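Examination of the molecular architecture
For reference, the chains in residue letters:
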Amino acid sequence: MATWSAPGKVFLFGEHAVVYGKPGIAMAIKPRVMVTVRETRYHQKPNSPYIAECFRLMDVKGSVYVRSQLPSSSGLGSSAAVTVATLSAINDEFGLEKTRAEIANLAHQVEMSAQNGRASATDTYVSTFGGMVLVRDNEKRRLLPPQNFSIVIGNTLVSHSTSETIGKVAELRKQSPDIANPILDSIAAITMRAMYNLDNQKELGNLMNMNHALLDALGVGHPVLSKLVLAARSAGAHGAKTTGAGSGGCMYAICSKSSRNRVAGAIEGCDARAIITTIDIEGARKEKDE
Ligand code: MEV
């Protein structure tokens, strides 16, 4: 029996644009998914297509037990965390000796096949290695995270499907490339500006607000997301935006230490769930078997 865990993530900048080779910045967060894998003679067919694909790809049979601190289908990378933790636990249980980089690559393959061939490597890379990362095509650049970078996440409790929202943007791009492509280019410019301003929370906040508006323009907004974003800004956040696939799921805000609880309270006041969290730098890790 082997138990591994992997962290969730927030997309700080560049979601959706990253699917088209533009840069994206994401950060691993403290809440995790724990997965226990046990070698068995008969394969227990998992409900999750991600877990099923992990076993298929690694060509082994076993049982699996999942516990999660991450809400699923909420944009916090729970499917990537499940995938990375499952692959890591299979790797350990069956002595396959894959490296961390190989696990990250395999996890990306799993997401690609579960999301109709459209997924950036961001979620799976960040969940495997932890930290803050700039991802663009095959390039992954680890970024020096700013000091005391804590964020407030607001979960709309409206579940969404990542592959459906990716499909929505793909459709807009097909029907109206003259509109969609400049929006994706602007998101890319914002992401690059953010990378050079990670220590300047006010500037980051402005950039987040712009990125949020552009995600709305791409058609992946949701009325509850907009409500939480506005509530967080009114409560004193430097900036707030959708994180992840959108059309529901989560938003995040950055704010000073002194306004953090007020921002979380404003989010909860909208009947949503607030999580105050910070960066995880460990990535996938082995847990003690219970
Ligand atoms: C999902 O967390 C972020 C998207 O950009 C998809 C991806 O990067 O694979 C929408």
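These numbers come from a predicted model, not from an experiment. (Residues numbered from 1 in each chain as written. Predicted model: local features only at pLDDT ≥ 70, side-chain atom pairs only at ≥ 80, totals over all residues. Heavy atoms only, no water.)

1. Examining the overall build of the protein chain
- Along the backbone of the protein chain there are nine helices and ten strands.
- Reported as C-alpha extents along the three principal axes, the dimensions of the protein chain are approximately 55 × 45 × 35 Å.
- The buried share of the protein chain, reckoned over its 290 residues, is 56%.
- Pairs at least 24 apart in sequence give 74% of the contacts found in the protein chain among residues at least 6 apart.
- Charge-centre separation for the protein chain: the mean point of 32 positive side chains lies 3 Å from the mean point of 26 negative side chains. (Helix = DSSP H or I, 4+ residues; strand = E, 2+ residues; numbered from the N terminus. Buried < 20%, exposed > 50% of the residue type's maximum accessible area, 1.4 Å probe, protein only. Contact = heavy atoms within 4.5 Å. Lys, Arg positive; Asp, Glu negative; His and termini not counted. Charge placed at Lys NZ, Arg CZ, Asp CG, Glu CD.)

2. Section: the domain arrangement of the protein chain
- For the protein chain, the domain assignment lists domain 1 (2-145) and domain 2 (150-278).
- Placing the centre of domain 1 and that of domain 2 at their C-alpha centroids yields a distance of 22 Å.
- Counting residues at the interface gives 33 residues for domain 1, matched by 42 residues for domain 2.
- Approximately 2900 Å² of surface area, both sides summed, lies buried where domain 1 meets domain 2, with 70% of it carried by carbon and sulfur atoms.
- Counting the surface domain 1 buries against domain 2, the share from its top three residues, Phe13, His16 and Tyr20, is 25%.
- The interface formed by domain 1 and domain 2 holds two salt bridges in total.
- The salt bridge involving Lys241 is made with Glu15; its shortest N-O contact spans 2.9 Å.
- Counting every contact that joins domain 1 to domain 2 gives 13 residue pairs in polar contact (both at pLDDT 80 or more).
- When residues of the side of domain 1 that touches domain 2 are traced back to their parent elements, those giving at least two are strand S1 (2-13), strand S2 (24-39), strand S4 (132-136) and strand S5 (139-143). (Domains from an automatic or database assignment. Buried area = accessible area lost by both parts, 1.4 Å probe. Salt bridge = Lys/Arg side-chain N within 4 Å of Asp/Glu carboxyl O. Polar contact = N/O pair within 3.5 Å; in protein donor to acceptor, adjacent residues only side chain to side chain.)

3. Some thoughts on the side chain of Glu15
- Mapping Glu15 onto the fold places it in the loop between S1 and S2.
- Side-chain polar atoms of Glu15 contact the side chain of Lys241, separated by 2.9 Å.
- Among the polar contacts made by the side chain of Glu15, one reaches the main-chain amide nitrogen of Gly244 at a distance of 2.8 Å.
- The residues contacting Glu15, other than those within four sequence positions of it, are Asn211, Leu215, Lys241, Thr242, Thr243 and Gly244.

4. Thoughts on the packing of aromatic side chains
- Applying the stated criterion across every chain, the model contains one aromatic pair.
- Residues Tyr125 and Phe129 carry aromatic rings whose centres are separated by 4.7 Å and whose planes lie at 35° to one another, so their mutual orientation is tilted. Of this pair, Tyr125 and Phe129 both sit in helix H4 (residues 122-129), four residues apart, which is roughly one turn of that helix. Here Tyr125 and Phe129 have matching classes, each one buried.
- Over the ring of Phe13 we find Lys241, and its NZ or CZ is 6.0 Å from the ring centre. (Phe/Tyr/Trp six-rings, centres within 6.5 Å; stacked < 30°, edge-to-face > 60°. Lys NZ or Arg CZ within 6 Å of the ring centre and 35° of its normal.)

5. Concerning unusual backbone geometry
- Here the phi dihedral of His16 falls at roughly 70°; this positive angle occurs in a residue that is not glycine.
- Within the secondary structure layout, His16 lies in the loop between S1 and S2.
- Taking the relative accessible area as the measure of exposure, His16 reaches 6% and is therefore buried.

6. Things to note about the sheet that holds strand S7 (residues 239-243)
- Taken together, four strands build an open sheet; the order of strands is S7-S8-S6-S9 and the sheet is antiparallel. Each edge of the sheet is formed by a strand with only one pairing partner; in this case those strands are S7 and strand S9 (273-278). Sheet twist, expressed as the mean angle between neighbouring strand axes with direction ignored, is 25°.
- Two elements, strand S6 (residues 150-155) and S9, share six bridges in a ladder whose sense is antiparallel. Looking at the pairing, Asn155 lines up with Arg273 of S9.
- Packing against the sheet, helix H7 (residues 201-218) makes contact with S7 and strand S8 (250-254), and its axis sits at approximately 40° to S7. (Pairing = 2+ DSSP bridges. Axes fitted to C-alpha atoms, helices over the stretch in contact; angles between N-to-C directions.)

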